[in-house]
Amino acid sequence: MGLYRAILYRLMLAVITLWLLSVIVFAGCQILPGDVGRAILGPFADARAVAALNHQLGVDRPLLAQYWSWITGMLRGNMGMSYTYRAPVAPFIGHALVNSLKLAGIAFVLVVPLGILGGVVAALKVNTWIDRTIVIAGLSATVVPEFVSGIVFIMVFSIWLRVFPLTATPPANAGVFTQIYYLLMPSIPLFMILFGYIARMARAGMIEALTSDYTRTAVLKGLSYRQVIWRHVLRNALLPTITVIATQCGYLIGGLVVVETLFNYHGIGSLIFAAAKAKDFPMLAAGILVIGVVYVGANLIADLLYSALNPRISFGGRE
Amino acid sequence: MSKRDQLISQIRRNLSEVENDLMDNALAGRVDRRGFLAHGTRLGLSLPLLGTLAGAMGMGGVRPARAAGPSGGTLRVAMTMPAGAIDPVTIADDGGLMMAMQTAEYLCTLNPDYTLKPVLATSWSPNTDGTVWTFKIRQGVKFTNGQPMNADAVIASVERLVNPKNGSNALSAFAGVLSPGHSQKIDDYTVAFHLDAANGNFPYVLSSDNYNLVILPANYTGGFEQSFIGTGPFKLEKYIPKTGASFVRNDDYWGPKALLDRTEFTFYADMQPQVLALQGGQVDMLAQMPVFEGRAIIDNPQFNIISCKSSAHEQVHMQCDAGPFKDKRVRQALALSINRAALVRGLFQGHADVGNDSPFCKAFPSTDLSVPQREQDLKKARALLEQAGVGGGFSVTLTTEQFLEIPDYAVLIQAFAKKIGIDINLHIESQDAYYGKAVPGQSDWLDVPLGITDYGNRGVPNVFLNAPLTSKGTWNAARFHNPTYDGLVADYVKALDLTGQRAVSGKIEELLLDETPIIFGYFYNYIYATSKAVSGLPAIGDRPFLQTVSISQS
């Protein structure tokens, strides 16, 4: 019962968070210089034309009226019409979200097991050359920006060796494996950025757990090494890592503007970036809310995992 | 009388006064072949006739059309993503324009040498004072949906853009030139345009120069993206917003059929991945490549680089009515501090022409080339500052936009100015912040004492002469108010013949050199890059017409 109440409570919080987010995005759009008509027609257009276009789009109405019609539409499941594309927002968001989830999924599947494995191995071999190699390589990879590593990969693998395609967008109607093939190279820069981070968190957690009293107790009571690591150390050591991974989900879904641009991939990051530049509020708000939902969802899952792994934490909290 | 002279005088008898003025200029050697053709087509003379005349006058005939390449195949083009819905009425970006012009056509288009090529109009001519221009419309042309292209379609297409209620991006191009309701149907294939004021360059306002003016059916009310309706050499196969588009040859096209079977466009959010895509063989052509973003391939012999002369430039304006640049000697000094040849080399690897602080670039036939070119002269610049009472130098902020090579240009100006003691602080902001609301008081562009603003290619200097420089100009960031200049520009716009235009253009160039409200440092070329398999792309900047393009299949 406590668990369901906790989830409900978290969901309510999430709704309030998302609503606040929509208010902030709307306010932000108003603060940005220029207006929608000007953004579409450019600086050299006649002021009368800009006014006429703003009127057609309805962005010359009072701010409250604009926000009200948007939020009521949203509550009825209508994401609204894009100002710049003059078409419903939902298909754009849906398409971009699916793309983003694919790319994030592949990066996630690569980096989470390998990052944790790297951290665990480093901790078990702490202060040896293996540990140093993993830590230094992870750290070095993290500080290389995506646009540098991405271009290097493109130059080497797509232009010189021609083993990987230049773009992340597969041909229409491509099968699963073709899609994965197209997404592999773009996910490597993401892997590089996240690997060091996750590995270091896992390593620190492991070292702390290995030196803790309960580990010593477990060893002293005669459990095998394998049993100690699996049953006692890992469960405790990975808790902070899970939180870190959950917080990176928002980035993996919505923060990949650079990688998406470089590999010409139509994900949600570049969608909202373009929408922000064009002051396309319905598109921007819908995109940000979708990322918000993913982020909140990922954190909720992380919390549940946390409690599953750590019996000391339980929802409802009166025990 | 030689045979040549007989031919010329025979033709001249049928020409109007204005047309004969052009002939006088040509015979006296005051206009070269290029200028002769440019002005002749503007006056509505056909290119074959002009070619005959040019040949008779020893200018060399019109070059024969390039030998047609192999037909068939698909051309894959990388281009910058359209900024929004493809609606010819509102498009204001290269990407959107690139899409619309694949299927829709103009009345006339710019040729590489700034002459006009008749497309959906077959000819045009002014009345004696240039206040009424009559256009003959091509017969037998149908839209892709079967509707006829005629005077009604032309008038509706123009009225749609002239009407201030439609949010049309071309409204500023028509302001003061053509008002709503002034396009008159003479018959099904003849339209007369009654202008607000005499205008010698009006055909350019109805050409591809005014890129919103593609001819659409009379009953068009929007939704171009669904049909890509037009009369052009290609028709829509598929359009996916934010992703790409493909077109196939229109076999019912009224003119020479396209050589390619298909074209395939992929949209990119940025330039660098496009260059990489060409290098990686994923596309055959880049629809546009600014020099500074194409350094990786511009000198690479593996690719064709098509460099098109243009009148596109950046204007460095200095506020003339207050602040440090109120004294024209200070403005002259800053202009004299700049090494223009170094700009052309450094910023464009030579793919640009130096500017002479007026909108008259070498590409325009009406430019008076006898006006001496301003060169870097630091000694004179320092002396001018001394005379103006600021010999000890001063400090000022240069505000500009993050766009193309402009930030680099700003840094170079800063370095040049330092040599004469002017200390420039740079403030480089986003385009949104720089242009703001685009009205004085709400726009850095129009409010700062020193700024750099980008201007795209135009076939005639009219827009450059008016909006940024005349007293009533809406883009007058320099706050330049000079009645003599306003009068000269009015004379230039009215002038129907080359003699008249050149008489004024020299005076305008000299006046602007003296007053220097704006530094025109260079006019840069537009660049297309293609693989070696591609041929036949005409060198028309910013308007890659693909009808004559072919690709070899190997």
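The rules behind the values
Residues numbered from 1 in each chain as written. Chains lettered and ligands numbered in written order. Predicted model: local features only at pLDDT ≥ 70, side-chain atom pairs only at ≥ 80, totals over all residues. Helix = DSSP H or I, 4+ residues; strand = E, 2+ residues; numbered from the N terminus. Buried ≥ 20, exposed ≤ 12 C-beta atoms within 10 Å, placed from the backbone. Contact = placed C-beta atoms within 7 Å. Rg over C-alpha atoms; globule rule 2.2 N^0.38 Å. Pairing = 2+ DSSP bridges. Axes fitted to C-alpha atoms, helices over the stretch in contact; angles between N-to-C directions. Parallel < 35°, antiparallel > 145°, perpendicular 65-115°, else oblique. Left-handed = near helix turned anticlockwise from the far one by under 90°. Nonpolar A, V, L, I, M, F, W, Y, C, P; charged D, E, K, R; others polar. Expected span 1.5 Å × (residues − 1). Bend = angle between axes of the 7 residues up to and from the residue. Core = buried A, V, L, I, M, F, W, Y, C linked by C-beta atoms within 7 Å. pLDDT = per-residue confidence, 0-100.

Draft legend 1. Layout of the overall build of chain A. Looking only at helices and strands, chain A has 14 helices and 0 strands in total. Counting across all 319 residues of chain A, residues that qualify as buried make up 39%. A fraction of 70% describes how many contacts in chain A between residues 6 or more apart in sequence connect residues 24 or more apart.

Draft legend 2. Local environment of the overall build of chain B. Scanning chain B from N- to C-terminus turns up 20 helices and 21 strands. Here the C-alpha atoms of chain B give a radius of gyration of 24 Å, agreeing with the 24 Å that 2.2 N^0.38 yields for 554 residues. In terms of overall dimensions, chain B has a C-alpha envelope of 70 × 60 × 50 Å along the principal axes. Relative to its 554 residues, chain B shows a buried fraction of 54%. Sequence-distant contacts in chain B: of pairs separated by 6 or more residues, those separated by 24 or more amount to 68%.

Draft legend 3. Region of interest: the sheet that holds strand 15 (residues 394–401) of chain B. Residue and element names in this part refer to chain B. The strand order across the open sheet built from 6 strands is 14-18-13-17-15-16, with neighbouring strands paired in mixed fashion. Only two strands of the sheet have a single neighbouring strand rather than two, namely strand 14 (352–354) and strand 16 (422–429). Within this sheet the neighbouring strands show an average axis-to-axis angle of 25°, counted without direction. With 4 bridges joining them, strand 13 (residues 313–318) and strand 18 (residues 518–524) adopt antiparallel strand pairing. Within strand 18, the position partnered with Gln315 by the bridge is Phe520.

Draft legend 4. Structural view of the sheet that holds strand 9 (residues 244–249) of chain B. Residues and elements named next belong to chain B. Spatially, the 7 strands line up as an open sheet ordered 8-9-10-1-11-19-12, and their pairing is mixed. Each edge of the sheet is formed by a strand with only one pairing partner; in this case those strands are strand 8 (234–240) and strand 12 (303–308). As defined by bridge partners, strand 1 (residues 74–80) adjoins strand 10 (residues 262–268) across 7 bridges and the pair is classed as parallel. The residue of strand 10 that forms the bridge with Val77 is Phe265.

Draft legend 5. Representation of the packing of helix 5 (residues 89–124) of chain A against helix 6 (residues 129–143) of chain A. Residues and elements named next belong to chain A. Relative to each other, helix 5 and helix 6 sit at 140°, their axes nearing to 8 Å. What the angle tells us is that helix 5 and helix 6 run oblique. By crossing handedness, the relation of helix 5 to helix 6 is classed as left-handed. Here Gly118, Val121 and Ala122 of helix 5 lie close against helix 6, whose contacting residues are Ile130, Asp131, Ile134, Val135 and Gly138. In terms of residue class, the contact of helix 5 with helix 6 is built from 5 nonpolar, 2 polar and 1 charged.

Draft legend 6. Summary view of the interface of chain B and chain A. Contacts between chain B and chain A engage 35 residues on the former and 34 residues on the latter. For the side of chain B that touches chain A, the leading source of residues is helix 10 (residues 272–279) of chain B, giving 4 residues. Taken together, the residues of the side of chain B that touches chain A break down into 18 nonpolar, 12 polar and 5 charged.

Draft legend 7. Fine view of helix 8 (residues 176–210) of chain A. For helix 8 of chain A, spanning 35 residues, the distance from its first C-alpha to its last is only 41 Å, which falls clearly below the expected 51 Å at 1.5 Å a residue. Considering bend angle alone, the principal kink of helix 8 of chain A is centred on Leu184 of chain A and spans about 40°; proline Pro186 of chain A follows within four residues of it.

Draft legend 8. Representation of the environment of Asp113 of chain B. Residues and elements named next belong to chain B. Following the sequence through the fold, Asp113 ends up in the loop between strand 2 (108–110) and strand 3 (116–118). In this structure Asp113 comes out as partly exposed when scored by C-beta crowding, with 17 C-beta atoms within 10 Å. As for Asp113 and Leu537, which are separated by 424 residues in sequence, their C-alpha atoms are 14 Å apart.

Draft legend 9. Structural detail: the pairing of strand 7 (residues 190–194) of chain B. Residue and element names in this part refer to chain B. Side chains of strand 7 alternate between two faces, with Val191 and Phe193 buried and Thr190, Ala192 and His194 left unburied. Bridging between strand 5 (residues 132–137) and strand 7 involves 5 bridges; their strand directions are antiparallel. Residue pairing in the sheet places Trp133 in a bridge with Phe193 of strand 7. Where strand 6 (residues 183–187) folds back onto strand 7 in an antiparallel hairpin, the turn is made up of 2 residues.

Draft legend 10. View of the nonpolar core. Ile198 of chain A together with Leu107 of chain B are the most contacted members of the largest nonpolar core, which totals 256 residues. Element by element, the count of residues in this core is highest for helix 8 of chain A, at 16 residues.

Draft legend 11. Structural detail: the confidence of the model for chain B. All names here are of chain B. Averaged over all residues, the pLDDT of chain B equals 90, while 93% of them reach at least 70. Mean pLDDT values for the elements of chain B range from 67 in helix 1 (residues 3–12) up to 98 in strand 7. Under a pLDDT of 50 for its full length, residues 61–66 has, in the predicted model, 7 contacts with residues more than four places off or in other chains. The ipTM, which scores confidence in the relative placement of chains, is 0.85 for this predicted complex, and the corresponding pTM is 0.86.

Draft legend 12. Layout of helix 7 (residues 146–160) of chain A. With 15 residues, helix 7 of chain A should reach 21 Å at 1.5 Å per residue; the first-to-last C-alpha distance of 20 Å fits that figure. Taking the largest bend as the criterion, helix 7 of chain A deviates by roughly 25°, centred on Ile154 of chain A. Regarding helix 7 of chain A, the residues found buried are Glu146, Gly150, Ile154 and Ser158 of chain A. Where helix 7 of chain A is buried, its residues touch helix 8 and helix 12 (257–262) of chain A together with helix 10 of chain B. Following helix 7 of chain A by one or two positions, Arg162 of chain A has its phi on the positive side, about 50°.

Draft legend 13. Main features of the environment of Gln279 of chain B. Summarising the element assignment, Gln279 of chain B is placed in helix 10. Between the C-alpha atoms of Gln279 of chain B and Asn169 of chain B, which are 110 residues apart in sequence, the distance is 35 Å. Setting aside anything within four residues of it in sequence, one finds Gln279 of chain B in contact with Ile159 of chain A together with Ile297 of chain B.

Draft legend 14. Examining the confidence of the model for chain A more closely. In this model, chain A carries a mean pLDDT of 88, and residues with pLDDT of at least 70 account for 96%. Within chain A, no element has a lower average pLDDT than helix 1 (residues 2–31) of chain A, which sits at 84, and none a higher one than helix 5 of chain A, at 94.

Draft legend 15. Expanded view of the packing of helix 12 (residues 328–336) of chain B against helix 14 (residues 378–387) of chain B. All names here are of chain B. As a packed pair, helix 12 and helix 14 sit with axes 8 Å apart at the nearest point and diverge in direction by 160°. Considering their axes alone, helix 12 and helix 14 lie roughly antiparallel with respect to each other. For the pair helix 12 and helix 14, the crossing hand works out as left-handed. In contact with Arg329, Val330, Gln332, Ala333 and Leu336 of helix 12, helix 14 contributes Lys380, Ala381, Leu384, Leu385 and Gln387. Residue composition of the contact of helix 12 with helix 14, by class: 6 nonpolar, 2 polar and 2 charged.

Draft legend 16. Structural view of unusual backbone geometry. Positioned with a positive phi, Arg162 of chain A is a non-glycine residue whose angle comes to about 50°. Structurally, the position occupied by Arg162 of chain A is in the loop between helix 7 and helix 8.

Draft legend 17. A look at the environment of Lys507 of chain B. All names here are of chain B. Structurally, Lys507 can be placed in helix 20 (residues 498–515). We classify Lys507 as partly exposed; it has 18 C-beta atoms within 10 Å. Between the C-alpha atom of Lys507 and that of Gly323, which follows or precedes it by 184 residues, the distance is 27 Å.

Draft legend 18. Structural detail: the pairing of strand 19 (residues 526–531) of chain B. Residues and elements named next belong to chain B. Counting buried positions along strand 19 yields 5 of 6 residues, so the element is predominantly enclosed. Looking at chain direction, strand 11 (residues 285–286) and strand 19 are connected through 2 bridges and run antiparallel. Bridging across to strand 19, Leu286 finds its partner in Ala529. Here strand 12 runs beside strand 19; their pairing, made up of 6 bridges, is antiparallel. Bridge pairing links Asn304 to Thr530 in strand 19.

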